Amino acid sequence: MKTLNERLDLFEDALLAQVGDSMFLRARNLERELGIHQLWLKFEGDNPTGTQKDRIAWAQTYDALRRGFDVITVATCGNYGAALALSARTAGLRCVVVIPEPYQTRRLREMPGAEVLRVGKTYEDAVVHSRELALEHEWYDANPGGENERVQLHAYGEISFEVYDQLRDAPAVVACPMSNGTTLAGVHRGFTSLNRRGKTSRCPRMVGGSAWKKNPIVAGWLSGAATCPTLPSERIHETSVNEPLINWSSIDGDLALQALRESKGFAADVTDKQMRSLSKLLREQQALHVLPASTAGLHALLQLHALNPLPPDRYVVVLTGRSS
């Protein structure tokens, strides 16, 4: 039987070897196609389950192990559940994943060892149930917006540090897909930290994109609201493309909205057709197989470019998926 310190050492070794330091490449073919100077892609498909969710899943599993938890739980549309199932299995922790009943995620087969519960009609219903289970049974709550939020924001801040290591300064813009907004908020926080410490000459403008009329962060930014509105849940319908993005009450939405405001950023709605089209373009022009939903940030950047042509600078887009 290994001691806790031995288990932590082994898990940390696995984390450092497998998570982060994802591919960062200049998309010269796309630059010519889209008319943007120095377009850089931060491809999170290099992570163990192919998305940036691995960053927070492994960080929180390490935190749960360190604090003596035996069980970790999360609500998911698919990507986060797959990431947490793998990290928990690596750490020897029990993992309970809650998925909304109607969601037909293809990632269920990537959750071996996890206990999967089908609860509620929406992602928000699943989050409530997962949190109640954590409170009742004293499990580690890996859901966004809870007491472990700082762990998640710090993990996503690592994206900023990796971009800085390559560019040696902050880019003009970082564009991200948005659901709850945790990724965008974490990246913004990371660059803010770098700038406060004198590492960068500026903070980038944050740009976020999400499913058409189905995301409170975009709705809040477009309306000029101080906080994210709650959207009518009956109007939110998932598809095979938009499932990773939609919600009617973004849990970390106010943090993302604040990041957009502070950075003088931009947000936009994106249709399924537009996301599929960009995914196809990335495959053809850059040989990258990306999740269509992850192109929402790139499309928002293109909308900003169409409104006011972007000057020569460096522009970074966060994408998820697997390389072809």
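Summarised in this report is the structure supplied together with it.

## A closer look at the overall build of the protein chain
Right, so step 1: Of the regular secondary structure elements, the protein chain holds eleven helices and twelve strands.
Right, so step 2: The C-alpha radius of gyration computed for the protein chain amounts to 19 Å, which stays within 12% of the reference 20 Å derived for 324 residues, consistent with globular compactness.
Right, so step 3: With the C-alpha coordinates aligned to their principal axes, the bounding extent of the protein chain is approximately 60 × 45 × 40 Å.
Right, so step 4: Across the 324 residues that make up the protein chain, the buried fraction comes to 58%.
Right, so step 5: Contacts in the protein chain between residues at least 24 apart in sequence constitute 72% of all its contacts with a sequence separation of at least 6.
Right, so step 6: As presented, the protein chain carries roughly 13900 Å² of accessible surface, and 49% of it is formed by carbon and sulfur atoms.
Right, so step 7: Of note, the protein chain has its 37 positive side-chain charges centred 7 Å away from the centre of its 37 negative side-chain charges.

## Here we look at the environment of Thr-183
Right, so step 1: By the secondary structure assignment, Thr-183 is in helix H7 (residues 182-196).
Right, so step 2: Residues Thr-183 and Leu-260, 77 residues apart in the sequence, show an inter-C-alpha distance of 12 Å.
Right, so step 3: Apart from the residues within four sequence positions on either side, Thr-183 is in contact with Gln-52, Tyr-156, Ile-159 and Cys-176.

## As for the packing of aromatic side chains
Right, so step 1: A full pass over the atoms with the stated rule returns five aromatic pairs.
Right, so step 2: The interplanar angle of 15 degrees and the centroid separation of 5.0 Å between the aromatic rings of Phe-24 and Trp-40 together place this pair among those described as stacked. Note that Phe-24 is positioned in strand E1 (residues 23-26) and Trp-40 in strand E2 (residues 39-43), a separation of 16 residues in sequence. Taken individually, Phe-24 and Trp-40 each receive the classification buried, so the pair is uniform in this respect.
Right, so step 3: Ring geometry for Phe-69 against Tyr-140: centres 5.4 Å apart, planes inclined by 85 degrees, an arrangement best described as edge-to-face. Here the residue Phe-69 occupies a position in the loop between helix H3 (53-66) and strand E3 (71-75), and Tyr-140 occupies one in strand E6 (residues 140-141), the gap between them amounting to 71 residues.
Right, so step 4: Overall, Phe-69 belongs to the buried group, its relative accessible area being 19%.
Right, so step 5: Grouping aromatic residues by their ring pairs yields a cluster made of Phe-11, Trp-58 and Tyr-62.

## Points about the sheet that holds E2
Right, so step 1: An order of E1-E2-E11-E7-E8-E9 is seen for the six strands of this open sheet, with the pairing classed as mixed. Edge positions in the sheet fall to E1 and strand E9 (266-270), since each of these pairs with one other strand and no more. Within this sheet the neighbouring strands show an average axis-to-axis angle of 20 degrees, counted without direction.
Right, so step 2: Here E1 runs beside E2; their pairing, made up of four bridges, is antiparallel. Within E2, the position partnered with Leu-25 by the bridge is Leu-41.
Right, so step 3: Against the sheet, H7 touches strand E7 (173-177) and strand E8 (205-211), its axis set at about 175 degrees to E8.
Right, so step 4: Here helix H8 (residues 216-223) sits on the sheet and contacts E8 and E9; the angle it forms with E9, its principal contact strand, is near 125 degrees.

## Here we look at the environment of Gly-20
Right, so step 1: Locating Gly-20 in the fold gives a position in the loop between helix H1 (4-18) and E1.
Right, so step 2: Classification of Gly-20 by relative accessible area gives buried; the value is 15%.
Right, so step 3: Sequence separation of Gly-20 and Gln-152 is 132 residues, and the distance between their C-alpha atoms is 14 Å.

What counts, and at which threshold
- Sequence order as written defines the numbering, with residues in each chain counted from 1.
- Per-residue local features of the predicted model are confined to residues with pLDDT of at least 70, and side-chain atom pairs are confined, for both listing and counting, to 80 or more; whole-chain, interface and lining totals are unaffected and use all residues.
- Side-chain numbers come from the whole structure's heavy atoms, not from hydrogens or water.
- Elements are defined by DSSP. Helices are runs of H or I of four residues or more, strands are runs of E of two residues or more, and each kind is numbered from the N terminus.
- Put simply, the radius of gyration uses C-alpha atoms, and a globule should come to 2.2 Å times the residue count raised to 0.38.
- The rule is simple: take the accessible area with a 1.4 Å probe, protein chains only, and divide by the maximum for that residue type; under 20% is buried, over 50% is exposed, in between is partly exposed.
- We call two residues contacting when some pair of their heavy atoms lies within 4.5 Å.
- The accessible surface values rely on the Shrake-Rupley method and a 1.4 Å probe; as for residues, cover is taken only from the protein chains in view.
- Note on charges: Lys and Arg go in the positive column, Asp and Glu in the negative column, and His and the chain ends are not counted at all.
- Where a charge sits is defined by one atom per residue type, namely NZ (Lys), CZ (Arg), CG (Asp) or CD (Glu).
- Ring pairs shown here join Phe, Tyr and Trp side chains whose ring centres sit within 6.5 Å, with only the six-membered ring taken for Trp; geometry is labelled stacked below 30 degrees between planes, edge-to-face above 60, and tilted in between.
- Any two strands between which DSSP finds at least two bridges are classified as paired.
- Interaxial angle, 0 to 180 degrees, is taken between N-to-C directions of lines fitted to C-alpha atoms, where a helix line uses only the stretch in contact.

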